[in-house]
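Residues per chain are reported as follows:
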Amino acid sequence: CKANTNKPFAVNLPLLYPHIEKHISLIIKHKVPVVITSAGSPKKYTSTLQQNGIKVLHVVSSTLFAKKSQDAGVDAVIAEGFEAGGHNGREETTTFCLIPSVAQQIDIPLVAAGGIYSGKSMLATMVLGSDGVQIGSRFVASEESSAHSLFKEKVINSAEGDTKLSLKKLTPVLLLNNVFSAEVTQTETRGGTVEELKALLGKGRAKKGMFEGDVEHGELEIGQCSSMIKNVKPAQQIIKEIISEY
């Protein structure tokens, strides 16, 4: 990243990752400007990162954890509604309910995430109290995205209702409908155990779907706004359109 841009960039760091101490050391070594932590308590590493000149943002799915993140000293909170693609909060609170609730309870900058794909949706979150936005799903369908072309095609052809929050017994994740997600739903409906779900998920399921292009048997993580995304465009054009519409 540093070799290819002189702009600030962030490293996304779920705190449940194995070898977390090595990740932290590498981030400090390379003087990464911003770290976005999630899936764990920000208490343990926030001050260490900040002492090395690194800004820390923490992703939350509830007002309770937003307050805890502020108490832990993070620079900003990213409040993510369950419209968001990928791993999600168990609370299933929507972005439109979560943002105003969090905005009332914290004093530090608030970034909205989940279901934001356009200038209009960006503006809507700011009316509700956010200071900025985090956009993911829209950039899956960008020319520069490392997602497989078959996954991009599946995204732009998706319709309303084609995503479902699954694997709540493990780590909740919003998935696009396919053979794999149907198997997950069947297993969950009949009361499958955590062990059964882990066996079904196996290893590398997300890589298989999103990056290798097995769009039926792979894990396809995407937000609910996928039904509104109808084309693949250069990232620069997407940014310009969002800002212009905003």
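The following paragraphs examine the structure supplied in this document. (Residues numbered from 1 in each chain as written. Predicted model: local features only at pLDDT ≥ 70, side-chain atom pairs only at ≥ 80, totals over all residues. Heavy atoms only, no water.)

**Observations regarding the sheet that holds strand β2 (residues 34-38)**
Applied cut-off: DSSP calls a pair of strands paired once it identifies at least 2 bridges connecting them. Counting from the N terminus, the helices are the DSSP runs of H or I reaching at least four residues and the strands are the DSSP runs of E reaching at least two. Here an axis means a line fitted to C-alpha atoms, over the contact stretch when the element is a helix, while the angle between two N-to-C directions is reported on a 0 to 180 degree scale. Here, residues are in contact when the closest pair of their heavy atoms is within 4.5 Å.
Read across the open sheet, the six strands follow the order β1-β2-β3-β4-β6-β7; overall the sheet is parallel. The open sheet is flanked by β1 (10-14) and β7 (132-134), the only strands paired with a single partner. Sheet twist, expressed as the average angle between the axes of neighbouring strands with direction ignored, equals 25°. Relative to the sheet, helix α1 (residues 20-29) contacts β1 and β2, its axis offset from that of β1 by approximately 170°. Along the sheet face, helix α4 (residues 95-105) touches β3 (55-60), β4 (76-80) and β6 (110-113) and points at about 170° away from the line of β6.

**A look at the environment of Leu201**
Structurally, Leu201 can be placed in helix α9 (residues 194-201). Separated by 17 residues in the primary sequence, Leu201 and Gly218 place their C-alpha atoms 9.2 Å from one another. Not counting the four nearest positions on each side in its chain, Leu201 is found in contact with Leu167, Leu170, Phe180 and Glu219.

**Considerations on the environment of Gly223**
Here Gly223 is to be found in the loop between α10 (205-211) and α11 (235-245). The spatial distance from the C-alpha of Gly223 to the C-alpha of Ile156 is 12 Å, given a sequence separation of 67 residues. With residues near it in sequence (within four places) discarded, Gly223 still touches Glu83, Ala84, Gly85, Ser137, Thr163 and Leu174.

**Regarding the pattern of salt bridges**
Operational definition: Salt bridges are defined by distance alone: a side-chain nitrogen of Lys or Arg within 4 Å of a carboxyl oxygen of Asp or Glu. Exposure classes here rest on a 1.4 Å probe applied to the protein chains alone. A residue is buried below 20% of its type maximum, exposed above 50%, and partly exposed in between.
Tallied over the full model, the rule gives five salt bridges. In this structure, Glu92 and Lys168 form a salt bridge, with 2.6 Å as the shortest nitrogen-oxygen distance. Placement of Glu92 in the loop between β5 (86-87) and α4 and of Lys168 in the loop between β8 (163-166) and β9 (173-176) is noted, with a sequence separation of 76 residues between them. The exposure class of Glu92 is partly exposed, given its relative accessible area of 33%. Exposure remark for Lys168: the relative accessible area of 32% places this residue in the partly exposed category. With a shortest N-O distance of 3.0 Å, Arg190 and Glu196 are connected by a salt bridge. For Glu196, a relative accessible area of 32% gives the class partly exposed.

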